[in-house]
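For reference, the chains in residue letters:
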Amino acid sequence: MKILVCISNVPDTTTKIKFTDNNTAFDQAGVQWIINPWDELALTRALDIKDAQAGMVEEITVINVGLAATEPTIRKALAIGADKGIRINAEPKDAFTVASQLADVISKESFDIILCGIESSDSNGNNVGGMLSELLDMPSVSSVSHFDIKDGKVELKREIDGGQETVSTPIPFVGIVQKGIAKEPRIPSMRGIMGARTKPLQVIEAIQTETLTEFATYDLPKPKAACKKIDPDNVKELVQLLHNEAKVI
Amino acid sequence: MSVLVYTENWDGKFKKLSFELVSFACEIAKTLNTNVVALSIGKVNDDELNKLGTYGASKILNVQNENLINLNNQAYTSVLAQAAAKEGATLIVFAHNNTGKAIAPRLSVRLKAGLATGVLALPSNFQPFTIAKKVFTAKAIANVVIKTPVSIVTLLQNAFGVFETPVAASIEAFNPEIKDNELKTEVKDVNKVSGKILLTDAEIVVSGGRGMKGPENWGSIEELATLLGAGTACSRPVSDEGWRPHEEHTGQTGKILAPNLYIACGISGAIQHLGGISGSKCIVAINKDPDAPIFEAADYGIVGDVLKVLPEMITAVKELKGN
Ligand SMILES: Cc1cc2nc3c(=O)[nH]c(=O)nc-3n(C[C@H](O)[C@H](O)[C@H](O)COP(=O)(O)OP(=O)(O)OC[C@H]3O[C@@H](n4cnc5c(N)ncnc54)[C@H](O)[C@@H]3O)c2cc1C
């Protein structure tokens, strides 16, 4: 089987978020870029399956829609263990553009399992995986916390509100993964990092697409009032305040 | 023209979340001078369906179909698309939960309708449709403009609230066409946790971090939660260590919660944790380190040993409830 992992290039999760141009653009100055945490876990799970079932998984490809500056992130995915990388040379303007670019490339290839993270940590969209599956007219399973290949069939665990379902799906399909899919992301080894330099990274020119949405302006959350400190010897006062002042209990 | 709302049910019952969606849709429909149509899939009796009218739904499309007992992303998308066409919906509203996240993006492509997910307030403008959502894991808010004639949004739970606007609702059986090739995924087994308060539904959450020292100390968190009718949550290392189940993990890579009250016990308040709780109306922090970042996010704080503070809090809550 051939697995494709869609990866998004996002600011490190500890980045202090700032905006420029009258709050219309994210300030990229000094930002460290990483593989979106969910996508990194999806890749980790794909590699785990490949290692556990030799011969079952033929090849793992990672794909990113981004300008040349995202290549270090793709190389990191190669260092972690992906076999090849693809970059579609386009600015990821909105989720629909990204999904359209991905769908165009994917429809010309033959991937069996296409994995996306449930959201990217910048736009918090939960969009691309679902949109992609619809554009490709493929089944999708979302909120996936585990999956396995058994006798050539894919079985997944899907989180629902208040529980979990076991779902089976034919291939090809789009799996949208979340917490649980892998415990910790794989760390690239020295050998992996060396090897990544020579692994294929194909650049594909973008097609014409449209956007359906635009992030017009950004706001930072209002600063919070200072925390009211209560004496640890007077816990009763806290409970009184929660009852009488905050009125939450 | 109409505002279409997907109202999910759990074993034939709606939850606060469904009523919140209808309340939200109703407020928008008032501005647009149109009406709210709710869509329900699955076995729900008329009494329960009529409850949606209390919050402003004037029409309820009732879909009963053997093939739609469990969520199937493709088939549900078809149902919503057909309902949207039939009702001339210009806005479609989902919850920002597992189901909403599964269907809304597919529907966005099917209808070529722009999608804003995890929105947290009413639209700030209708020409063009502009609405606020959290980005950068709650570190910022983006004002998203939807450029298409039809808009889709998923509403963050507890962001709007529940408001009654009683109208007489008509219930209409709706039989959308489902094609065989839309039924490719199959649910083999359902495993539901019952009896516990669902974390995302909880008005109050008591949450423990590594400062709780070990799973053996969770008795006081559970006792306080029971007293307050609260759900229990935890930080990531706590679930990674296996002290608590994974469903409790809260934060950027876990659950996003917006309760009225969040009590953080022995949690440092790392930025990734705060991403999951910053929507809380009131945050209480108990931490022995006065410089812990959780105090910057908190409304009330106690600098002290959580293992000593919790039992005293339990006593004080018991006294309060006794009165
Ligand atoms: C990509 C990424 C994603 C992440 N996602 C999440 C996420 O979703 N959710 C999440 O929670 N974390 C997440 N993390 C981890 C996060 O960075 C922190 O490591 C984690 O939140 C810390 O958990 P904690 O507060 O329980 O533990 P610690 O940071 O160890 O803090 C424990 C706190 O307890 C206090 N304490 C100790 N003893 C006592 C006592 N007796 N009484 C009172 N206080 C005491 C200490 O002062 C300390 O502040 C993520 C990290 C990364 C890199």
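Note that the structure is a prediction, hence the values are computed from the model and not measured.

Caption draft 1: Looking closely at the site of the ligand. Taken together, 26 residues lie around the ligand, and Arg210, Lys213, Ser235, Thr253 and Ser268 of chain B are the ones closest in. Residues close to the ligand are split across chains A and B. Gly266 of chain B places a main-chain nitrogen or oxygen 3.1 Å from an oxygen atom of the ligand. Interatomic distance of 2.7 Å between a side-chain N/O atom of His273 of chain B and an oxygen atom of the ligand. Relative to its unbound accessible surface of 980 Å², the ligand loses 80% to contact with the protein. Listed by contribution, the elements that provide at least two residues to the shell around the ligand are α6 (236-240) and α7 (271-274) of chain B. Its residues assigned to classes, the shell around the ligand comprises 4 nonpolar, 16 polar and 6 charged.

Caption draft 2: Representation of helix α1 (residues 16-32) of chain B within the structure. All names here are of chain B. Along its 17 residues, α1 runs 24 Å from first to last C-alpha, staying within 8% of the 24 Å computed at 1.5 Å per residue. Counting buried positions along α1 gives 12 out of 17 residues, so the element sits mostly inside the fold. Burial in α1 covers these residues: Leu17, Ser18, Phe19, Glu20, Leu21, Val22, Ser23, Phe24, Ala25, Cys26, Ile28 and Ala29. Among the residues trailing α1, Asn33 stands out with phi positive, at a value near 60°.

Caption draft 3: Quick look at a nonpolar patch on the surface. Taken together, the side chains of Met190, Ile193 and Met194 of chain A define a hydrophobic patch exposed on the protein surface, amounting to about 300 Å² of accessible area. Mapped onto the fold, Met194 of chain A is located in helix α5 (residues 190-196).

Caption draft 4: Inspection of the interface of chain A and chain B at higher detail. The interface is formed by 78 residues belonging to chain A together with 82 residues belonging to chain B. Together chain A and chain B conceal approximately 7000 Å² of surface at their shared face, both sides included; 56% is due to carbon and sulfur atoms. On inspection of chain A and its partner chain B, the count reaches 5 salt bridges. Among the ionic pairs, Asp299 of chain B bridges to Lys224 of chain A, the shortest N-O distance being 3.1 Å. Counting the contacts that link chain A with chain B gives 45 residue pairs in polar contact (both at pLDDT 80 or more). Contributing elements (two or more residues each) for the side of chain A that touches chain B: α1 (37-52), α4 (128-135), β9 (140-150), β10 (153-160), β11 (163-169), β14 (213-219), β15 (228-229) and α6 (235-244) of chain A. The class makeup of the residues in the side of chain A that touches chain B is 35 nonpolar, 25 polar and 18 charged. The pairing of β14 of chain A with strand β8 (residues 140-146) of chain B spans 6 bridges and is antiparallel. Note that in β8 of chain B the partner of Tyr218 of chain A across the bridge is Ala142 of chain B.

Caption draft 5: Local environment of the sheet that holds strand β8 (residues 113-117) of chain A. Within the open sheet, the 10 strands sit side by side as β13(A)-β7(A)-β6(A)-β1(A)-β8(A)-β12(A)-β9(A)-β10(A)-β11(A)-β11(B). Their pairing is mixed. The open sheet is flanked by β13 (201-205) of chain A together with β11 (186-192) of chain B, the only strands paired with a single partner. Neighbouring strand axes in the sheet, compared pairwise and without regard to direction, differ in orientation by 30° on average. Relative to β11 of chain B, β11 of chain A runs antiparallel, the two sharing 6 bridges. Looking at the pairing, Ser168 of chain A lines up with Glu186 of chain B of β11 of chain B. The strands touched by helix α2 (residues 71-80) of chain A are β6 (59-65), β7 (84-89) and β13 of chain A; relative to β7 of chain A, the strand with the most contacts, the crossing angle is about 160°.

About the thresholds
Residues numbered from 1 in each chain as written. Chains lettered and ligands numbered in written order. Predicted model: local features only at pLDDT ≥ 70, side-chain atom pairs only at ≥ 80, totals over all residues. Heavy atoms only, no water. Near = heavy atom within 4 Å. Polar contact = N/O pair within 3.5 Å; in protein donor to acceptor, adjacent residues only side chain to side chain. Areas by Shrake-Rupley, 256 points an atom, 1.4 Å probe, with all protein chains shown as cover. Helix = DSSP H or I, 4+ residues; strand = E, 2+ residues; numbered from the N terminus. Nonpolar A, V, L, I, M, F, W, Y, C, P; charged D, E, K, R; others polar. Expected span 1.5 Å × (residues − 1). Buried < 20%, exposed > 50% of the residue type's maximum accessible area, 1.4 Å probe, protein only. Patch = residues over 30% accessible without salt bridge, like charges linked within 9 Å, V, L, I, M, F, W, Y side chains within 5 Å. Salt bridge = Lys/Arg side-chain N within 4 Å of Asp/Glu carboxyl O. Contact = heavy atoms within 4.5 Å. Buried area = accessible area lost by both parts, 1.4 Å probe. Pairing = 2+ DSSP bridges. Axes fitted to C-alpha atoms, helices over the stretch in contact; angles between N-to-C directions.

Functional significance is not addressed by these values, which are geometric in nature.
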